[in-house]
Amino acid sequence: MTIKAKALQIIENTAKKIPVVNRLLEKKYDKLLAEIEKSAKPYKDSKSFPSIPENGIDREKILKTMADFQQREEDKWKDGFVSGAVYHGDNEHIDFLNKIVALNSQSNPLHSDVWPSTGKYEAEIVSMTANMMNRQATSEKDDVCGVVSSGGTESIMLAMKTYRDWALDKKGIKKPEMIVPTTAHAAFDKSSQYFGIKIRHAAVDENYQAIVQEVKKAVNKNTIVIVGSAPTFPHGIIDPIEEMSGIALKHKIGFHVDACLGGFVLPWAEKLGHDVPKFDFRLPGVTSMSADTHKYGYAVKGTSVVLYRNLELRHYQFYTTSDWPGGLYFSPTFAGSRPGSLSAACWATLLSVGENGYLEATKKIMETANKIKKAIEDIPELYILGNPLWVISFGSNELDIYKVLDAMAHRQWSLNGLHMPSALHIAITLRHAQNGVAERFINDLKESVAEVKTQPKAKGGMAPVYGLAASLPFRGVVGDLLKRYLDILYKV
Ligand SMILES: Cc1ncc(COP(=O)(O)O)c(C=O)c1O
């Protein structure tokens, strides 16, 4: 924490103890949250169930209610109005995956004796992903391996816990530190909080790439791991992975490449001739990677792969106990019981899409992204941040970009709001590669920019929330606000 941040935290904690200040803050929150609650809880009019019903409700009735909700929600993502979120979404693909999930709905990899098929699926998912990440380029003493986790966040957190335990055991590091570019995913900060690993942020340059000198400067005797993204969530930018790998190698520390977003795009984009720098196990300093099968791997939600350069490192991830009255217990990831159906569907996805399917999908995504990038460049009020491939962030020097976010939301679009600096992004998926979707996005974006230009004072939407978040020097206040938002989501 910087001295300035520390000072602000002290002022904030003191201010919160003053009842008048606290009441003022609460009032401001309440107004904002009341607005947000309306859109976060659209099913307030339907019957709610705060307790288990005394008698079970007819299955057909339940199915009908849920089908109604699904129908109300489906059009938006299916028609390509949402950034990221659903990465494939074609009917035939969904029907196939639904059959696999139904077929395996009872399976649980924790009981590997009862469902050995799940073990086969997971071993092969890891192997297919490792080969895609150029496992064959590693040396003889390496043996790239990994596990299937529940998503990108879990893959990242597992890797960070692994480095903490590895560094304690091998190097006696008791006050571990990680070096993380400011644009890396929040899951690294979450790992820092959960596992007591101090986070040292490295700044990014004008192209939103981690500054190599900053990373070098941050290395010390407590550093356990450096993190790079391929690409980053906010701006879709690939960090200087090769240079970062060199720093890690020199200092004999871990280097995790977060390819959660790009793992199932970049290998194919490279084959298609796009300018993709090396980002995988071809680089000798890369000791682990995360790649999300449930994003551009096109599996159903709930799987990701974390890979390690060798078995020794993976052992620091595994949990075992031999002293528990419940028997000999071991589990590879954070969960105990897990849904085997998701690993089954993931395996089936990789097999059914195949290399050519991924190449074709990536080609479509890149073509759509190029169309959209070109159109944004042609809108004089907007600019693109850095030089992204298919996750495109854009800001404005003239307009409140969050008002553009709201104007796009009125046109049904669900884009991501970013901050520091203020910007929006769209992660292009196969949903946007459908006929006419890119053209609709471009048209709506032009209209939204024109609208914000003529009505800059329009009220409501997310603009005031981002405005408040940007204007408050006290980050804890913003954090409290987000916790209260989570409370709303759990309100019956
Ligand atoms: C670069 C990157 N890393 C990690 C994650 C976290 O993935 P998940 O939401 O599956 O936990 C994301 C999610 O978008 C991401 O883009």
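Residues numbered from 1 in each chain as written. Predicted model: local features only at pLDDT ≥ 70, side-chain atom pairs only at ≥ 80, totals over all residues. Heavy atoms only, no water.

Moving on, we come to the overall build of the chain. A count of helices and strands for the chain gives 16 helices and 13 strands. Radius of gyration (C-alpha) of the chain: 24 Å, near the 23 Å computed for a compact globule of 492 residues. Once the C-alpha set of the chain is aligned to its principal axes, its extents read approximately 65 × 60 × 55 Å. Each of the 492 residues in the chain was classed as buried or not, and the buried ones make up 48%. The contacts of the chain with a sequence gap of at least 6 include a subset with a gap of at least 24, amounting to 72%. By element, 55% of the accessible surface of the chain is carried by carbon and sulfur atoms, the whole surface being about 25,400 Å². (Helix = DSSP H or I, 4+ residues; strand = E, 2+ residues; numbered from the N terminus. Rg over C-alpha atoms; globule rule 2.2 N^0.38 Å. Buried < 20%, exposed > 50% of the residue type's maximum accessible area, 1.4 Å probe, protein only. Contact = heavy atoms within 4.5 Å. Areas by Shrake-Rupley, 256 points an atom, 1.4 Å probe, with all protein chains shown as cover.)

The next subject is the domain arrangement of the chain. Annotation of the chain at the domain level lists domain 1 (3-78 + 473-489) and domain 2 (103-349). Using only C-alpha atoms to locate each centre, domain 1 and domain 2 end up separated by 31 Å. (Domains from an automatic or database assignment.)

What follows covers helix α16 (residues 475-489). Counted at 1.5 Å a residue, the expected span for α16 with its 15 residues is 21 Å, and the 22 Å between its end C-alpha atoms agrees. Those residues of α16 that sit buried are V477, V478, L481 and I488. The arc that holds every buried residue of α16, seen down its axis, measures 100°, which confines them to one face. Residues of α16 that are exposed and point over 90 degrees away from its buried face: L482, K483 and D487. (Expected span 1.5 Å × (residues − 1). Arc of directions from axis to C-beta.)

As a matter of local geometry, the ligand sits amid 13 residues, with G152, T153, D258, H294 and K295 nearest to it. Between an oxygen atom of the ligand and a main-chain N or O atom of G152, the distance comes to 3.0 Å. In the environment of the ligand, an oxygen atom lies 3.5 Å from a nitrogen or oxygen atom belonging to the side chain of D292. For the ligand, whose unbound accessible area comes to 390 Å², protein coverage reaches 84%. Sorting elements by how many residues they give to the shell around the ligand places helix α6 (residues 152-171) first, with 3 residues. Among the residues making up the shell around the ligand, the classes are represented as 5 nonpolar, 5 polar and 3 charged. (Near = heavy atom within 4 Å. Polar contact = N/O pair within 3.5 Å; in protein donor to acceptor, adjacent residues only side chain to side chain. Nonpolar A, V, L, I, M, F, W, Y, C, P; charged D, E, K, R; others polar.)

This next bit is on helix α14 (residues 437-454). The first and last C-alpha atoms of α14 sit 26 Å apart over 18 residues, in line with the 26 Å expected at 1.5 Å per residue. Here α14 has its buried residues at V437, A438, F441, I442, D444, L445, S448, V449 and V452. The secondary structure elements touched by the buried residues of α14 are α12 (340-377), β10 (382-384), β11 (391-396), α13 (401-410) and β13 (423-427).

What follows covers a positive patch on the surface. A cluster of like positive charges, contributed by K28, K31, K457 and K459, occupies part of the molecular surface. Under the relative-accessibility criterion, K31 is labelled exposed at 68%. (Patch = residues over 30% accessible without salt bridge, like charges linked within 9 Å, V, L, I, M, F, W, Y side chains within 5 Å. Salt bridge = Lys/Arg side-chain N within 4 Å of Asp/Glu carboxyl O. Lys, Arg positive; Asp, Glu negative; His and termini not counted. Charge placed at Lys NZ, Arg CZ, Asp CG, Glu CD.)

The next subject is the packing of aromatic side chains. In total, this model carries 14 aromatic pairs according to the counting rule given. Where Y298 meets Y358, the ring centres are 5.7 Å apart and the plane angle is 15°; that geometry is what we call stacked. With a gap of 60 residues between them, Y298 in the loop between β6 (288-291) and β7 (304-308) and Y358 in helix α12 connect regions that are remote in the sequence. For Y358, a relative accessible area of 3% translates into the label buried. Centre to centre, the rings of W413 and F441 are 5.1 Å apart; their planes meet at 80°, and the pair counts as edge-to-face. Separated by 28 residues along the polypeptide, W413 in the loop between α13 and β12 (416-418) and F441 in helix α14 bring together distant segments of the chain. Taking relative accessible area as the criterion, F441 reaches 1% and is therefore assigned buried. Three or more aromatic residues link up through ring pairs in this structure, and these residues are F264, W268, Y298 and Y358. Above the plane of the ring of F81 lies R440, whose end atom (NZ or CZ) is 3.8 Å from the centre. (Phe/Tyr/Trp six-rings, centres within 6.5 Å; stacked < 30°, edge-to-face > 60°. Lys NZ or Arg CZ within 6 Å of the ring centre and 35° of its normal.)

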